[in-house]
Amino acid sequence: MDSNLPSLSDVLYQELRSTVRGDAYRRGDPSFLDYSSMFNGDIKVSAMAVVCPLDAPDVSQVILFCRKHSIYASVKAGGYGTAGWAVGGDIIIDLCKITDIDIEPPAADGSFTSIRDMSLLNSKGKVKAGPPLLDRSAPFASSKRRREDDDELRSYDLASATVADFLYPGGSSTPFADRPPVTRRRLEFAAPAVETPQMSTYPATSSSSHDPNATLLSSNSLGSSIAMVSNPLAFNLPSMDDATTAVSPPSPLPDISSKPPSCSSPLDDPFSYLDDAPNNPVPPVASTSRLAQSMPNALFATPSFLESPTNFLTYAMPIYSHAFMTFGAGKRQKEIDQFSAANPLDAMSLAGGRGAVPYHVPSAAHPVGSAIMILGGFGFLGRLHGLSSDNLVEAEVVLADGQIVVVSHNEHPDLWWALRGAGPAFGVVTRYKARAYPVPVVFAGNLIYRFHRATAPSLIKHFRDCVKGAPRELYANVLLTAGPAGQDSLVVIQMCYIGPKIKGQEFLQAISSWDGGRCLLNEVDEKSFLHQQDSVAQVLRGKAGNKWFIRSALISSLPDDIVNKTVLQFADTPVGCTWLFELAGGALGDFEDNCIPKAQRQASFTVAALHQWDIEFQDPRCVHSAEEWIAETLAPVTLGGPLPSFLGRQEPPGRVIACYGENWARLCEVKEKYDPDNFFRNSFWPLNAQGEIIEPEEHEPQHIQF
């Protein structure tokens, strides 16, 4: 921390302390560094103090204090933004202590309890929306700790023990711990040309319902719904990480049984692919499909349950199509998912008993903070239920003049339109209420292959063809990333079918049928959604304190020439670079009532370059390779700007404006109404108070070594 930077004077510090109930720390206080640190270690913090408000009135007082003394605030929710806007102000408002959380089923008419009628943590006079609930993180809400360093939240190995063993064969969980920073071994011998077989495609469905009045699920509408074992603890489903999935091709797909997927067992040497020895097929695990297919369509079973003596009449199905989750802005997504898993809602059992099903808010994969709710947010549930911001139904917001308002479709409709997609430029959201959906189990996991420039194009094209026309229940991505320490880079295909194995295995069979190279690991199986949310972070091996650089785009298609150029470019990137193609579409196109434009919602893929490297390491390619790929290679198929949640540091103003396309002019009008002097300048907003375009360095903090 730079000791030459100014701190808040004694007089101002005492005034600030007297106006808020939460803690405040000046520069020089040991806790200042804890609360001002970001996940991206390459952020120079010049703030004079950090405040940890307890609620919206506290936030309001901080804003009024800043206005009185002509200083500016920045707002930190989770600390994961790579640009550093959250810590760019004179005063940092860290929302980490606003951690209320609650879940409620919809009322008979589809309505919910308004945020204004719900109690705050440790407050009196108002009631919770639902019954007493378990929040495992609550004991930590008032403790002095840096939330970003919570060991439990930074551990992602529960996603898959098999993948953890594969990526960290020496047992180290530190990303790239034993790996030189600039070298990556490439195998350049010519691989045999492989002709990719033509795969069947699957018609898109429209199983997602967004009608707030459609709250009850009838037995006649469960053709594509998910059911659950009625054991109240069954939401914590065991991961089948210790077994390699082997499935028989279902009848609608081509008969490719003569060329079974070549995937190694977790018990084998994960790096035996470097040897020339022939691959020994792995004995298949017992299939559950016959029993599952013999049950009613709405029912399913996990292998462990089918092997138990429990009668299948104890199966249950969700009562509600969705529920409502209310949470403070200090909650990060992983904490929200943990709460969801620990507090399932009642379900109906065929035997007349009671079941339980967890309900999850659509969000990006871990780790993300709550601001994802007002910046887009696309993840495993996105194709089925829309963006995070699409599922927001109400928000408590502190405006630039300190006024506290509750914003919804019926209250401040212009701000409501702008908030969902551009929220940080319009106010400080202190509490959110969002739709959550029943997700008792997912059929999900990774298929991992060695990256080779001769075969990777074939694999990516095969993936593209397999997911064309996929149903909304299927999420899928393909990413190019660094391999384990000392080994080659990898191509990782991640799939997540929102439902049981019996309904998702045909997609696994199609994707895994690629025979152009050996599959090093296939651990796709039934998992809890909570654990699946850790899967991207587990593969990325993201490390807090590293330098981070992100660029993203939305693309209309993925033609062969783009794939070929991408592979050649990635082959020359330094260690720590990950390039991602993420299947879009589905429910994203169902929403047009917020500031994220229709054109962006019609994209076929979201694309991202996610680069991290050691704080002491200098290599211009870490930045230039991402810029070149996004701005040049993908330019012919790019649709405007990226989703706002993917905006990073040093973004050209034109890319920011392109995020909102045809909605930009209206967005500026709303900004002029609610923040005319641009108090919330420490955000992505690329204009000054006069409406003039400003460069990134004028509204984001300096970087230590950029």
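For the structure, see preceding data.
Source: prediction; values computed, not measured.

### Regarding the overall build of the chain
Link 1 in the chain: The secondary structure content of the chain amounts to 18 helices and 22 strands.
Link 2 in the chain: Looking at the chain residue by residue over its 706 residues, the buried ones come to 60%.
Link 3 in the chain: Within the chain, residue pairs in contact and separated by at least 24 positions form 80% of the contacts whose partners lie at least 6 positions apart.
Link 4 in the chain: Of the roughly 26,400 Å² that the chain leaves accessible, carbon and sulfur atoms contribute 53%.

### Some details on the environment of Gly423
Link 1 in the chain: Relative to the elements of secondary structure, Gly423 occurs in the loop between helix H9 (413-422) and strand E14 (428-438).
Link 2 in the chain: Relative accessible area serves as the criterion here: at 0%, Gly423 is assigned to the buried category.
Link 3 in the chain: Along the sequence, Gly423 and Ala371 sit 52 residues apart, while their C-alpha atoms lie 8.0 Å from each other.
Link 4 in the chain: Apart from the residues lying within four places of it in its own chain, the contact partners of Gly423 are Ile374 and Ala418.

### A short note on the sheet that holds strand E4 (residues 91-94)
Link 1 in the chain: Spatial ordering of the open sheet is given by E1-E2-E4-E3, a layout of four strands whose pairing is mixed. Only two strands of the sheet have a single neighbouring strand rather than two, namely strand E1 (23-26) and strand E3 (73-76). Recorded for the sheet is a direction-independent mean angle of 20 degrees between the axes of neighbouring strands.
Link 2 in the chain: In this structure, strand E2 (residues 49-52) lies alongside E4, joined through three bridges in parallel fashion. Counted as the bridge partner of Ala49 is Ile91 from E4.
Link 3 in the chain: Relative to E1, helix H1 (residues 10-19) is tilted by about 165 degrees, and along the sheet it contacts E1 and E2.
Link 4 in the chain: Sheet strands in contact with helix H3 (residues 56-68) are E2, E3 and E4, and its direction is about 170 degrees off that of E4.

### Things to note about the pairing of strand E15 (residues 442-450)
Link 1 in the chain: In terms of burial, E15 is largely enclosed, as eight of its nine residues are buried.
Link 2 in the chain: Taken together, the three bridges between E15 and strand E19 (residues 525-527) define a ladder with antiparallel strand orientation. By the bridge assignment, Phe443 is partnered in E19 with Glu526.
Link 3 in the chain: Judged from the eight bridges that link them, E15 and strand E17 (residues 490-497) form a sheet pairing that is antiparallel.

### A few points about the nonpolar core
Link 1 in the chain: Met325, Phe426, Leu667 and Phe684 are the most contacted members of the largest nonpolar core, which has 78 residues in total.
Link 2 in the chain: Each residue touching Phe684, except ones within four places of it in the same chain, is listed here: Trp85, Leu375, Ala422, Pro424, Ala425, Leu647, Val656, Tyr660 and His699.
Link 3 in the chain: By size, the runner-up hydrophobic cluster in this structure holds 51 residues, among which are Phe570, Phe581, Ala626 and Ile630.

### Section: the packing of aromatic side chains
Link 1 in the chain: The final tally for this structure, using the stated rule, is 19 aromatic pairs.
Link 2 in the chain: Where Phe581 meets Trp629, the ring centres are 5.7 Å apart and the plane angle is 90 degrees; that geometry is what we call edge-to-face. Of this pair, Phe581 sits in strand E21 (residues 577-583) while Trp629 sits in helix H16 (residues 621-633); the two residues are 48 residues apart in sequence, bridging distant segments of the chain. In this pair, the class of Phe581 matches that of Trp629, namely buried.
Link 3 in the chain: One aromatic cluster is present, built from ring pairs that chain together Phe426, Tyr660, Trp664, Phe684 and Trp685.
Link 4 in the chain: Just above the ring of Trp685 sits the side chain of Lys671; from NZ or CZ to the centre is 5.3 Å.

### Brief notes about helix H7 (residues 333-342)
Link 1 in the chain: Summarising burial for H7: 10 of the 10 residues are buried, a large majority.
Link 2 in the chain: Among all positions in H7, only Gln333, Lys334, Glu335, Ile336, Asp337, Gln338, Phe339, Ser340, Ala341 and Ala342 are buried.
Link 3 in the chain: For H7, the elements touching its buried residues are strand E5 (101-104), strand E8 (323-328), strand E11 (359-360) and helix H12 (529-532).

### Topic: the pattern of salt bridges
Link 1 in the chain: The tally for this structure, following the rule as stated, stands at 24 salt bridges.
Link 2 in the chain: Among the salt bridges present, the one from Lys97 reaches Asp23, with a minimum N-O distance of 3.6 Å. Of the two residues, Lys97 sits in the loop between E4 and E5 while Asp23 sits in strand E1, which places them 74 residues apart along the sequence.
Link 3 in the chain: A relative accessible area of 30% means that Asp23 is categorised as partly exposed.
Link 4 in the chain: Lys76 is the partner of Asp94 in a salt bridge, and the nearest nitrogen-oxygen pair spans 3.9 Å. Taken together, the positions of Asp94 in strand E4 and Lys76 in strand E3 put the pair 18 residues apart, joining distant regions of the chain. Each of the two residues, Asp94 as well as Lys76, counts as buried.
Link 5 in the chain: Here the salt bridges do not stand alone but share partners, grouping Arg551, Glu627, Glu651 and Arg655 into one network.

### With respect to unusual backbone geometry
Link 1 in the chain: One non-glycine residue, Ser70, lies in the positive phi region at around 55 degrees.
Link 2 in the chain: Relative to the helices and strands, Ser70 resides in the loop between H3 and E3.
Link 3 in the chain: By relative accessible area, Ser70 is classed as exposed at 63%.
Link 4 in the chain: Of note in the backbone geometry, Asn678 takes a positive phi value of approximately 55 degrees without being a glycine.

Cut-offs used in this document
Residues numbered from 1 in each chain as written. Predicted model: local features only at pLDDT ≥ 70, side-chain atom pairs only at ≥ 80, totals over all residues. Heavy atoms only, no water. Helix = DSSP H or I, 4+ residues; strand = E, 2+ residues; numbered from the N terminus. Buried < 20%, exposed > 50% of the residue type's maximum accessible area, 1.4 Å probe, protein only. Contact = heavy atoms within 4.5 Å. Areas by Shrake-Rupley, 256 points an atom, 1.4 Å probe, with all protein chains shown as cover. Pairing = 2+ DSSP bridges. Axes fitted to C-alpha atoms, helices over the stretch in contact; angles between N-to-C directions. Core = buried A, V, L, I, M, F, W, Y, C linked by side-chain atoms within 4.5 Å. Phe/Tyr/Trp six-rings, centres within 6.5 Å; stacked < 30°, edge-to-face > 60°. Lys NZ or Arg CZ within 6 Å of the ring centre and 35° of its normal. Salt bridge = Lys/Arg side-chain N within 4 Å of Asp/Glu carboxyl O.

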